[in-house]
Amino acid sequence: MIRIKTLHIEEFRGIRELDLDLTGENFGICGPNGTGKSGVVDAIEFCLTGNVTRLSGQGQGELSVKAHAPHVDQSKTPEKAKVTITAVAPTLGKEVTITRSVKNARAVEIVPADAQIEAIIGELQSHPEFALSRREIAKYVVTPPAQRSTDVQNLLRLDYIGELRKSFVTYANKRKSDAHEAERARNTAEVELRTALGLDNLNWEKVLENANQQRGVLGLPALTELTPKTSFKEGAAKKDGEDNKPSIAKGVALADLAALATSVEAGEPGDLKEHRESVLADLKKLQEDEKALSLARAHGFVTTGLELVADDVCPLCDKPWDADELRNHLKAKLLSAEAMGTLLENLGKAIGAVMGGLEERGTAIKKAADYAAKLDPAVPAAEFHALAKALEDAKAALKAFQDDHSQIEGAIAAIQEKWWELPEDAQARLDETQKGVTALPDSSAKDKAIDFLAVLQDRYERLLATSKTAKAMASRSSTAHKVRDHYNTVSNKVLEDIYEAVAKEFTEFYKAINADEGAFIGELKAKPAKLSFNVDFYGRGTFPPGAYHSEGHQDGMGLCLYLALMKHTLGDKFTFAVLDDVLMSVDTGHRREVCRLLKTKFPGTQFILTTHDRVWLQYMKTEGLIKGGQFFGGWKVETGPRIWDDTDIWTEIVAALDKDDVPRAAALLRRYLEYVSAVLADNLRAQVEYRGDANYDLGDLMPSTLNRWRDRLGSGIKSAAHWGHYQAKAELEAQLDEAKALIQKTNAEQWAINKSVHFNEWENFTKVEFQEVSDAFKALLDHIRCPNPQCGGYPYLTPRKGSSEQLRCNCGTINANLKMK
């Protein structure tokens, strides 16, 4: 992969023009919602992939990259919307410049044109998992097992496993369907042969006996065995006076017609009735949820919906609902995925039996039509043809449902037809045909034998052919299912080994940021097309993450699982990741642990992190996770985001004063001090008057924070004296004296009693007066900050709760003991 050095954005999303210098290192971007942070994430994704997930993912409707990626004022000129990244490919030791324009998002300009770098960009484009937003954490934590399996395999570059599994399943199902259809054809051919011979069961000795009896009439030698090449009529002469007119084997014809008439008179066979009623009941059950059935078959929609009903608000439209009531309603109304699978499997078997009955009746009707047409005069066969077509249509409707479950209406209509009964007009034609065949003159014994052997030959050959096909289809089906099952077994074993390794890494990462959960374990269990994810809950067992863990813990799990997957997939090539506000709900007690996890476990990875929490940005700096950061302090549609960082604010203030723009300089200083005082108030656990709306201004934060700073230095002096650390005591005393002097220069403690020096009056100061204020605060903040340029963070107290024991920075340059015993 790559590491980004610089990022240039023009007229893209909410950004008019922006340059960020990331220097190939970790980088933090902080700002309130709506200030343009996500625009930076979108720009990186677009430049590397040509796509913007939030404009093209599921549920995005009419949104598109071409129409909505350009700044709103440049929507008609997409060529002006472009992003350029300069990066380095660590594995190649090469630098590259990547440029992409919205006008032709598929085309990327790579300089220099290098096949190896192009391959890296191509991989990023096909697998854009380098970017993780908070909403995408759900893909790994709270999604249904089937969807999680797909998402995780995509990230692991194992998506071909799922695709191949689907192909094997589809192929096995198709071969199974072919085998059933071939077996029905074989069964029909067997029934025809048994009917011609008057046999209740197929007995090859009886077949041979009947054939030899008729051959004997013709003076032909007896056959000793039946083989695929057996010819019953070999050596038989033509019938006396035979011409080209089709003939009827009277005996066989009467047997065929009698079998049909008997079947009609007997009514629907008991076993067929049982299958048909079962099919009808199941189809009607499914008909109540036809849309759910179709969607569940295509995308697992129903089960996904059930598992995602976690909050009292719709995740799509944000409209409120009662989650428990909706969940109970869905469970009561819809079939579970497992029940549906079982139902469909049983339904398929029953439909196969019904289709066999349809085919058998259809063949009998077609034979009756054939006999009717051969009589002289012929019996009109239109009624037979209409009935045969109706039976074929019914069979086709059931087959269509098997192929596409949304075709349920036609299947229900077909199964409800009383096709085992003959309509009156068809019954009349059957009676006429039977009478016509009965009235045929009896043939000589010789002619009867010739007719019988001809029919026997035809039906014997048809049974052999259909049996051969059925055997071949059954073998194919068996092989297809064995391949499918073997592939599932082998792929599951491979996946289990991978998931076991990933789960071990996940557990290690999660324990690093949640040591209070003790012997925590995480489990990833693979099943065909599914991946379950369970985690320990304080030794009470393992459960899905959403069962008992808080939203903040779930966010942490999502990040840890993502990191474990990326580490397993890319190893040392995991050099770049964008984490877009993924830990917004992590409590402050675990923030430093998250920073340390990223820093210590992934030292070779460049993380670009966005957050709307200013304190988070400082934690990142304090822990040394990031060296550079950018603060997005506001946004206007005309100009885009207003940005600054804490290394150039003083330069901006000087620039404003050089233009005699004191009000602007005052606004910059005030907003910056509000940011820093919020960080220090949190770090030093300052006692600030609580506000329910959390809307603290500079007057609420700064005086209390500075008072806390002096107090903690004083506690450090007392502790050093108590333990006899006199050099540390002297250093802290000097630091406290300096703090008092610098605080006095800022007049911050006078704000409440002297309105003339209050920060609200800064904009009315002269240039010289305000320069003194600015210099005083800069000196004060430099005094508090760690002097080590490799650290540069603000100090903080440990532990975060209870009595403070230490005042320190991340590198240890500031390290004051506060314990007295």
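Bear in mind that the values here come from a model prediction, so they are computed numbers and not experimental data. (Residues numbered from 1 in each chain as written. Predicted model: local features only at pLDDT ≥ 70, side-chain atom pairs only at ≥ 80, totals over all residues. Heavy atoms only, no water.)

**Q** How would you sum up the sheet that holds strand S10 (residues 542-543)? Please name residues and give values.
**A** Spatial ordering of the open sheet is given by S8-S9-S10, a layout of 3 strands whose pairing is antiparallel. In this open sheet, the two edge strands, each paired with only one partner strand, are strand S8 (522-527) and S10. (Pairing = 2+ DSSP bridges. Helix = DSSP H or I, 4+ residues; strand = E, 2+ residues; numbered from the N terminus.)

**Q** Can you lay out the packing of helix H18 (residues 445-513) against helix H20 (residues 551-570) for me, pointing to particular residues and giving the numbers?
**A** Where H18 contacts H20, the two axes come as close as 8 Å, and the packing angle between them is 135 degrees. Classed by the angle they form, the pair H18 and H20 counts as oblique. Judged by the twist between their axes, the crossing of H18 over H20 is right-handed. In this structure, H18 uses Ile-498, Ala-501, Val-502, Glu-505, Phe-506, Phe-509, Tyr-510 and Ile-513 to contact H20, whose residues at the interface are His-553, Gly-556, Met-557, Cys-560, Leu-561, Leu-563, Ala-564, Leu-565, Lys-567 and His-568. In the contact of H18 with H20, the residues fall into 13 nonpolar, 3 polar and 2 charged. (Axes fitted to C-alpha atoms, helices over the stretch in contact; angles between N-to-C directions. Parallel < 35°, antiparallel > 145°, perpendicular 65-115°, else oblique. Left-handed = near helix turned anticlockwise from the far one by under 90°. Contact = heavy atoms within 4.5 Å. Nonpolar A, V, L, I, M, F, W, Y, C, P; charged D, E, K, R; others polar.)

**Q** Describe the sheet that holds strand S17 (residues 815-817), naming the residues involved and giving the relevant values.
**A** Sheet architecture is open: 3 strands sit in the order S15-S16-S17, paired in antiparallel fashion. Each edge of the open sheet is held by one strand with a lone partner, namely strand S15 (796-798) and S17. Between one strand and the next, the sheet's axes are offset by a mean angle of 20 degrees, whatever the strand orientation. Sheet topology note: the strand S16 (residues 806-808)/S17 ladder contains 3 bridges and is antiparallel. Opposite Arg-808, over in S17, you have Asn-815 as the bridge partner.

**Q** Would you mind going over the nonpolar core in detail, with residue names and values included?
**A** Grouped together as the largest cluster of nonpolar side chains are 137 residues, with contacts concentrated most on Ile-44 and Trp-762. Broken down by element, the residue count for this core peaks at 12 residues, all from helix H24 (residues 662-684). Ile-44 has contacts with Ile-4, Leu-7, Ile-85, Phe-130, Phe-576, Val-578 and Ile-608, leaving out every residue within four places of it along the chain. (Core = buried A, V, L, I, M, F, W, Y, C linked by side-chain atoms within 4.5 Å. Buried < 20%, exposed > 50% of the residue type's maximum accessible area, 1.4 Å probe, protein only.)

**Q** Give me H24: which residues, what numbers.
**A** Taking 1.5 Å of rise per residue, the 23 residues of H24 would be expected to cover 33 Å, and the 31 Å separating its terminal C-alpha atoms lies within 8% of that figure. Of all 23 residues in H24, 17 are buried, a share of seventy percent or more. Capping of H24 at its N-terminal end is provided by Asp-661; its side-chain oxygen lies 3.2 Å from the backbone amide nitrogen of Arg-664. Phi turns positive one or two residues past the end of H24, at Arg-685, with a value near 55 degrees. (Expected span 1.5 Å × (residues − 1). Polar contact = N/O pair within 3.5 Å; in protein donor to acceptor, adjacent residues only side chain to side chain.)

**Q** So what's going on with the packing of helix H15 (residues 382-403) against helix H17 (residues 424-438)? Which residues, and what values?
**A** Interhelical geometry of H15 versus H17 gives an angle of 125 degrees and a closest axis separation of 8 Å. Comparing the axis directions of H15 and H17 gives the class oblique. Between H15 and H17 lies a crossing of left-handed hand. Listed contacts from H17 to Glu-383, Phe-384 and Leu-387 of H15 are Asp-425, Ala-426, Arg-429, Leu-430 and Thr-433. For the contact of H15 with H17, a count of residues per class yields 4 nonpolar, 1 polar and 3 charged.

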